[in-house]
Amino acid sequence: MFIEKLIKQIEHDNLRLLKKLRHRIDKVGVKLPTVEVRYKNLHVEAQCELVRGKPLPTLWNTTKSLLSGLANLPGSKQEAKISILNDVSGIIKPGRMTLLLGPPGCGKSTLLLALSGKLSHSLKVAGEITYNGYRLEEFVPQKTSAYISQYDLHTPEMTVREILDFSARFQGIGSRAEIMKEVSRREKQPGIVPDPDIDAYMKAISVKGQESTLQTDYILKILGLDICADTKVGDAIRRGISGGQKKRLTTGEMIVGPAKALFMDEISNGLDSSTTFQIVSCLQHLVHITDATALISLLQPAPETFDLFDDVILLAEGKIVYQGPRTNICKFFEECGFKCPERKGIADFLQEVISRKDQEQYWYHKQQPYSYVSVDHFIKKFKEHHIGQNLDEELSKPFDKSQSHKDALSFKSYSLSKWELFKACSTRELLLMKRNSFTYVFKSVQLVIIASITMTTFLRTRMVVDVIHSSYFMGSLFYALVILHVDGFPELSMTVSRIAVFYKQRELCFYPAWAYAIPAAILKVPLSLLESFVWTSMTYYVIGYSPEVGRFFRQFLIYFGVHLTSISMFRCIASLFQTIVASTTVGALAIMIVLLFGGFILPRPSLPSWLEWGFWLSPLTYGEIGLSLNEFLAPRWEKVMFGCSNHNNCSKGVVVGIILLLELRKQNVKLRQKFKQ
């Protein structure tokens, strides 16, 4: 592979490759786009409802809480406001690695989400966030920046390479093509001949819309995922890659794109210190050489990993205690009276010195009595420090928008055109259907077995065209509707397993909802056609329905419509309820309601007026009406239908079918007479 030629040893060859790229760009004077992120007086608040009773979610506690809520008058609900971030300000500069430190629950994830433009709309946000002087409303922050979550959400059926390829395809190439054209144009004037390997690499990663890119191979190599590139991700049931490899895949899924601002949340969870150091070292090379912007949250970085960062942001109780160069942070706390021991990691020291429980051990003014120094006191000291004053002075001067590169910010929501989005989502959906082929094959075999049993139960040699056996014909039609309707139930579990990945990628502006839903619906059409045709071709002439070919195909089309409706209904239920327990419960309830109001178990005349909506809401109603019309309007049933003068001698099924058909005929005659007049 070409990437193996460029990078043999990750530690040295990756740095050399990046330096060669930057040297070629600087040699002709091309400026790379950079992003400076500023946040000023940022305040994030959550509004929570007070829950009465014990917090354990038992059935009794939930019932008491529900009854208590119903007893309260409207508008009297008790709510509490929780401040997550409280008046924080700072600057994330390009070309510098910034470490975000703080104890759990201090607001690190909220700060990263706020800066990347992905904060939940349920939170109340005040303050200002800008990229190169532009507010978040003036561009698309989800495409300009990349947020790497601490949760590893991936499609288990796909391989590592496929996930990175699709991510690179949806994120696009950004300004790589424009930079490559400008570099090539400027090199031609003085006759500069570039390194052939570097030129080939830059051209390969600048091609838009490729299904597989060289950038994917590069990310696989530097993250150590090349050994499992063709392994499925897997989940708790299906064997796949390890937890550490999933964490690296989560990081690679976002940095494979062209984003210039990286916000990474706990990317070291599940990784050993050596692997964490290797990944952060590669990110350091990327940030320093390409002038990218990086804010990385780590809980307990090793000393060698901590030394890779340029700046540190220390967060506690939703407030920034320190923001500035890493080399000055120990001096700042020494001025406050606390000193990091020689054999103590600085990151661990910073976590403990702001803790009431662990702070005393670092007090080094032994001649003075120790007293707890609060977070607010540290913040006051920092504002009086020259680093804090320089930061406030820099924030007071607005960013000069004229200095912003034209390609630094993204003003389009999606990197691909609508047609390319549709093709990419269709390709992925087809791949997932192939990976779940066992489910579809099993369903088809199951359908063949049930159809064989149905054929022997409603055999045409035992059934004649008369009033008594007409109820058997209607029963066989209804049974077929039930089987094809229930056949779509497996869509529940398959949709639930992918719904979290869909929401994640939609929020990252990979694709809109329609690009995901429409291909999924269209690609289910051949499946519905196949299963409906298998059932119709096996049962139609064996059971002995009306022998006309036109009626055969009309029955096939009705079965197809019911099956496709069933698949869509269960996908809708899974999308609304989003968990396997809730979805299967509601799905079973939906099946019961659809069968109950389908018109066979409870005929329409038996329903009270206030329940008629259920009759017309059930998709089986339309299937049963269509199948009944198709079968009982055949010429061979004309004599039987009008020969049954006494409805008391007819079975219940025939009475329902014949009365329904007679009413429909009367309505058609009235409509025809009305139009003739």
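Parameters at a glance
Each chain carries its own residue numbering, running from 1 in the direction its sequence is written. Local features in this predicted model are restricted to residues of pLDDT 70 or higher, and side-chain atom pairs are both shown and tallied only at a pLDDT of 80 or more, whereas totals for entire chains, interfaces and linings draw on every residue. With hydrogens and water stripped out, all remaining heavy atoms of the structure feed into the side-chain values. Only DSSP runs of H or I reaching four residues or more are called helices, and only runs of E reaching two or more are called strands; each is numbered from the N terminus. Definition used in this section: a nonpolar core is a set of buried Ala, Val, Leu, Ile, Met, Phe, Trp, Tyr and Cys residues joined via side-chain atoms within 4.5 Å. Using a 1.4 Å probe on the protein chains alone, a residue whose accessible area is under 20% of its type maximum counts as buried, one over 50% counts as exposed, and one in between counts as partly exposed. The contact criterion used throughout is that any non-hydrogen atoms of two residues lie within 4.5 Å. UniProt positions are given in the numbering used here, feature names are shortened, and annotations may be inferred rather than shown by experiment. Think of it this way: a Phe, Tyr or Trp ring, Trp meaning its six-membered ring, pairs with another when their centres are within 6.5 Å, and the plane angle makes it stacked under 30 degrees, edge-to-face over 60, tilted otherwise. Basic side-chain nitrogens of Lys or Arg form a salt bridge, by our definition, when they fall within 4 Å of a carboxyl oxygen of Asp or Glu. A helix is expected to reach a length of 1.5 Å times the quantity of its residues less one. Strand pairing requires that DSSP identify at least two bridges connecting the strands. Only protein atoms enter the calculation, which uses a 1 Å grid: trapped sets of points that fit a 1.4 Å probe without letting it out are cavities, open sets showing protein on both sides within 12 Å along at least five of seven lines are pockets, and any residue with an atom within 4 Å of a point is a lining residue. Grid points are joined across faces, edges and corners, and a volume is the space filled by probe spheres set on the points. Gly counts as polar in this scheme, as do all residues outside two lists: the nonpolar Ala, Val, Leu, Ile, Met, Phe, Trp, Tyr, Cys and Pro, and the charged Asp, Glu, Lys and Arg. These domain boundaries are the output of an automatic or database domain assignment. Exposure above 30% relative accessible area and the absence of a salt bridge qualify a residue for a patch, where like charges join within 9 Å and nonpolar side chains (Val, Leu, Ile, Met, Phe, Trp, Tyr) within 5 Å. Per-residue and other accessible areas were derived by the Shrake-Rupley procedure at a 1.4 Å probe size, with only the shown protein chains allowed to occlude residues. In protein, a polar contact requires one atom able to donate a hydrogen and another able to accept it; more generally it is a pair of N or O atoms within 3.5 Å, and residues adjacent in sequence count only if both atoms are side-chain atoms.

**Some points on the environment of I522**
Reasoning step 1: Turning to its location among the elements, I522 is positioned in helix α21 (residues 513–522).
Reasoning step 2: For I522 and S426, which are 96 residues apart along the polypeptide, the C-alpha to C-alpha distance reads 8.9 Å.

**A word on the nonpolar core**
Reasoning step 1: Within the largest apolar cluster, 104 residues are counted, with the highest numbers of intra-cluster contacts made by F170, Y218, I296, F333, F338 and Y511.
Reasoning step 2: F338 has contacts with F333, F349, V353, Q359, Y362, W363, Y364, Y370, V373 and F378, leaving out every residue within four places of it along the chain.
Reasoning step 3: Counting 35 residues, the second-largest nonpolar core is a separate cluster that includes A451, L477, L492 and I543.

**Topic: the UniProt feature "transmembrane region" (unreviewed entry) in the protein**
Reasoning step 1: Within this structure's numbering, the places UniProt gives as "transmembrane region" (unreviewed entry) are residues 438–459, 471–492, 513–536, 556–573 and 580–601.
Reasoning step 2: Its end C-alpha atoms 31 Å apart, residues 438–459 is made of 91% helix and 0% strand.
Reasoning step 3: Secondary structure over residues 556–573 splits into 100% helix and 0% strand, and the C-alpha atoms at its two ends are 26 Å apart.

**Digging into the packing of aromatic side chains**
Reasoning step 1: Taken as a whole and judged by the stated rule, the model has 33 aromatic pairs.
Reasoning step 2: Between W363 and Y370 the ring centres are 5.9 Å apart and the planes differ by 65°, which places this aromatic pair in the edge-to-face class.
Reasoning step 3: We classify W363 as buried; its relative accessible area is 11%.
Reasoning step 4: Using a relative accessible area of 25% as the deciding quantity, one classes Y370 as partly exposed.

**Digging into the pattern of salt bridges**
Reasoning step 1: All told, the structure shown has 32 salt bridges when counted by the stated rule.
Reasoning step 2: Its salt-bridge partner being D152, residue K247 comes within 3.4 Å of it at the nearest N-O pair. Of this pair, K247 sits in helix α10 (residues 243–255) while D152 is found in the loop between β6 (145–148) and α6 (160–171), placing the two residues 95 residues apart along the sequence.
Reasoning step 3: Among the ionic pairs, D217 bridges to R161, the shortest N-O distance being 2.6 Å. Highlighted residues: D217 in helix α9 (residues 214–222) and R161 in helix α6, separated in sequence by 56 residues.
Reasoning step 4: By sharing partners, the salt bridges in this structure join R24, E187, D199 and K203 into a single network.

**Details of α6**
Reasoning step 1: With 12 residues, α6 extends 17 Å between its outermost C-alpha atoms, agreeing within 8% with the 16 Å of an ideal straight helix rising 1.5 Å per residue.
Reasoning step 2: Buried residues dominate α6, accounting for 11 of its 12 residues.
Reasoning step 3: Looking at the buried residues of α6, the elements they touch are α5 (141–144), α9, α10 and α17 (418–435).
Reasoning step 4: A positive phi of about 80° marks G172, the residue just after α6.

**Topic: the pairing of strand β3 (residues 97–101)**
Reasoning step 1: Most of β3 is tucked away, with five of its five residues classed as buried.
Reasoning step 2: Judged from the four bridges that link them, β3 and strand β9 (residues 311–316) form a sheet pairing that is parallel. Paired with L99 across the strands is V312, a residue of β9.

**Observations concerning the layout of surface pockets**
Gaps left between atoms show up when a probe the size of a water molecule is rolled over them.
Reasoning step 1: Of the pockets and cavities examined, the second largest pocket occupies roughly 680 Å³.
Reasoning step 2: Together, 21 residues line the second largest pocket, and G117, K118, L119, H121 and Q142 are the ones closest to its centre.
Reasoning step 3: Per-element accounting of the lining of the second largest pocket gives the leading share, five residues, to strand β4 (residues 124–131).
Reasoning step 4: For the lining of the second largest pocket, a count of residues per class yields 10 nonpolar, five polar and six charged.
Reasoning step 5: Taken together, domain 1 (93–172 + 209–398) and domain 2 (418–644) each give at least three residues to the lining of the second largest pocket, which thus spans both.

**Overview of empty space enclosed by the protein**
Reasoning step 1: Tallied over the entire structure, the rule returns five cavities of 30 Å³ or more.
Reasoning step 2: Roughly 110 Å³ of volume is contained in the largest cavity.
Reasoning step 3: In terms of lining, the largest cavity is formed by 14 residues, of which the most central are A168, G172, I173, V207 and T213.

**Concerning a nonpolar patch on the surface**
Reasoning step 1: A surface patch of nonpolar side chains, about 360 Å² in accessible area, is lined by V441, V445, I449 and I453.
Reasoning step 2: With a relative accessible area of 49%, I453 lands in the partly exposed category.

**Considering the side chain of T293**
Reasoning step 1: With respect to the secondary-structure elements, T293 resides in strand β8 (residues 293–297).
Reasoning step 2: Polar contacts involving the side chain of T293 include one to the main-chain carbonyl oxygen of V35, which spans 2.4 Å.
Reasoning step 3: Ignoring sequence-local partners within four residues, the contact set of T293 consists of V35, V37, I92, K93, P94, K260, A261 and L262.

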